[in-house]
Amino acid sequence: MPAVMDLKIQNLTNKDSQQKVSGLQSIPVLEIKDLSISLRGANRQEDHTLVKKLNFTIRPGEMLGLAGESGSGKSLTASAILGLLPKSLHVSEGQIEFRGKNLTRLSEKEMRCIRGKEIAYLFQNYQGSFTPFIKIGKQLIESLRSHEKIRKADARKKVLFWLERVQVPAERIFSSYPHQLSGGQLQRVSLAAALMFNPSLIIADEPTTALDVLTSKKILDLLADLQKEVGCAILLISHDLKHLLKRANSMAVMYGGQIIEKGLTENIETNPLHPYTKLLLRARSVLTQTVPGKLAVIPGEPGLVAKQGCSFTLRCTKSSEKCSMVPEMQLAEDSHCTACHNLETEEGN
Ligand SMILES: Nc1ncnc2c1ncn2[C@@H]1O[C@H](COP(=O)(O)OP(=O)(O)OP(=O)(O)O)[C@@H](O)[C@H]1O
């Protein structure tokens, strides 16, 4: 029996999908509506669209994992939310609503008040977040006082409190220069720097890529544990599916600048719908077998994106004539959606 035959497939408007995608009832912290990001051309017609019509929602306490191979548009999405797109790129369509405010309409000055405070971020390049010749404690106190009216002594207490919460020797790290810390310690300090503002949303873009496997795991576990305590929302970006499957409540899978599947993590893991998601999961399971099986590879050249229609069609073994048209997002079950023309004809997993 084809895996998705039992499921009721229905076309969704954006509004429907925003309402049905999450079982959580609270008001979203972040709503991305039809977001497109383009490289500026000589005029609007010559813009080149890199990220196309994204829709997703994150609610308080939720961790949404954004997955997809290199070049799929994950970091551009993060940069657009933070208002940090390079000058050559712009939000060409759609809205980024953060706690009811459309961020695409805010001035740089207004964005600066939100960025780093209400929306905190953790990047792969954590070393670049610190000034090399200023001690960690001083940097964190200055950062706190640039956003909050707080006495120096109280700021010191708050910084030390958060350094303890991220499980580093607080007093020693406070008095150290960045170069005296390991990569794992610096990323923990970045986490303290993010959490001390009590943000509503943390954007973590490949925060552990530069770290070894064990340190990465410990830091992501710490992030997930602290999130449960403080209740903020997290957008966790990773090309490593296993990190997301383990920790995210919900996931969105990107290919070639489009979201091709999204839903609760357990549904995506147990019943992937899009051919690309199925291949991603199969490629991952090989690595988790004790005795390695036949290597599962995604066919075609990585990053090969169709100029029109479904972005994955040039690498898809299920591709058909219909795939030259952009597939609509369709609701399969619960909050689980995918954009694929060949769902009904897809044979099993
Ligand atoms: N400043 C830029 N100018 C032109 N194109 C860009 C720019 N930044 C990114 N792109 C292109 O946009 C697409 C998406 O890039 P993005 O960095 O968001 O991918 P990603 O999914 O985050 O990949 P990775 O996991 O390697 O970071 C890629 O094709 C990339 O080449």
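Residues numbered from 1 in each chain as written. Predicted model: local features only at pLDDT ≥ 70, side-chain atom pairs only at ≥ 80, totals over all residues.

So, helix 7 (residues 183-195)
As a reminder, the rule being used: Only DSSP runs of H or I reaching four residues or more are called helices, and only runs of E reaching two or more are called strands; each is numbered from the N terminus. A helix is expected to span 1.5 Å multiplied by its residue count minus one. Buried, partly exposed and exposed are defined by the number of other C-beta atoms within 10 Å of a residue's own C-beta, namely 20 or more, between the two limits, and 12 or fewer respectively, with C-beta atoms placed from the backbone. Residue pairs are scored as contacts if the distance between their C-beta atoms, which are placed from the backbone, is within 7 Å.
Helix length check: helix 7, at 13 residues, gives a terminal C-alpha distance of 18 Å against a target of 18 Å (1.5 Å per residue), a fit within 8%. Most of helix 7 sits inside the fold, with 11 of its 13 residues counted as buried. All of the buried residues along helix 7 are Gln185, Leu186, Gln187, Arg188, Val189, Ser190, Leu191, Ala192, Ala193, Ala194 and Leu195. The inward-facing, buried residues of helix 7 contact strand 7 (119-123), helix 4 (136-147), helix 5 (152-165), helix 6 (170-174), strand 8 (201-205) and helix 8 (213-230).

Here's the deal with the site of the ligand
Selection rule: Residue proximity rests on one test: whether the C-beta atom, placed from the backbone, lies within 6 Å of the molecule or strand. For this classification, Asp, Glu, Lys and Arg are treated as charged, while Ala, Val, Leu, Ile, Met, Phe, Trp, Tyr, Cys and Pro are nonpolar and the rest, including Gly, are polar.
Close contacts around the ligand come from 14 residues, with Ser70, Gly71, Lys74, Ser75 and Leu76 the closest. The leading source of residues in the shell around the ligand is helix 2 (residues 74-82), at 3 residues. Its residues placed into classes, the shell around the ligand shows 5 nonpolar, 8 polar and 1 charged.

Here's the deal with the packing of helix 4 against helix 5
Helix-helix packing is described using two parameters, namely the angle between the two axes and the distance between the axes. This is how the line gets drawn: The axes used here are C-alpha line fits, helices contributing only the stretch in contact, and every angle between their N-to-C directions lies in the interval 0 to 180 degrees. Crossings are assigned a handedness: left-handed for a near helix turned anticlockwise from the far helix by less than a right angle, right-handed for a clockwise turn.
Relative orientation of the contacting elements helix 4 and helix 5 amounts to 115°, with a least axis distance of 9 Å. Like other packed secondary-structure pairs, helix 4 and helix 5 cross with a definite hand, here right-handed. Each of Gly137, Leu140, Ile141, Leu144 and Arg145 in helix 4 lies in contact with helix 5, whose residues at this interface are Lys152, Ala155, Arg156, Lys158 and Val159. Residue composition of the contact of helix 4 with helix 5, grouped by class: 5 nonpolar, 1 polar and 4 charged.

Describing the nonpolar core
Keep this limit in mind: Definition of nonpolar core: a set of buried Ala, Val, Leu, Ile, Met, Phe, Trp, Tyr and Cys residues joined via C-beta atoms within 7 Å. For each domain, the first and last residues come from an automatic or database assignment.
Within the largest apolar cluster, 87 residues are counted, with the highest numbers of intra-cluster contacts made by Leu201, Ile202, Ile203 and Leu235. Looking at which element gives the most residues to this core, the answer is helix 7, with 7 residues. Counting residues domain by domain, this core receives three or more from each of domain 1 (10-118 + 197-338) and domain 2 (121-196). Other than its neighbours up to four places away in sequence, Ile203 contacts Ala78, Ile81, Leu82, Ile119, Tyr121 and Leu235.

So, the confidence of the model for the protein chain
Short version of the rule: Every residue is assigned a pLDDT by the predictor, reflecting its confidence on a scale from 0 to 100.
When pLDDT is averaged across the protein chain, the result is 86; 87% of the residues are at 70 or more. Counting contacts from residues 1-24, a segment whose pLDDT is below 50, to residues more than four positions away or on other chains yields 50 contacts. Note on residues 345-349: pLDDT is under 50 here. Beyond four places in sequence and across chains, it has 9 contacts. As scored by the predictor, the complex reaches a pTM of 0.87 and an ipTM of 0.97.

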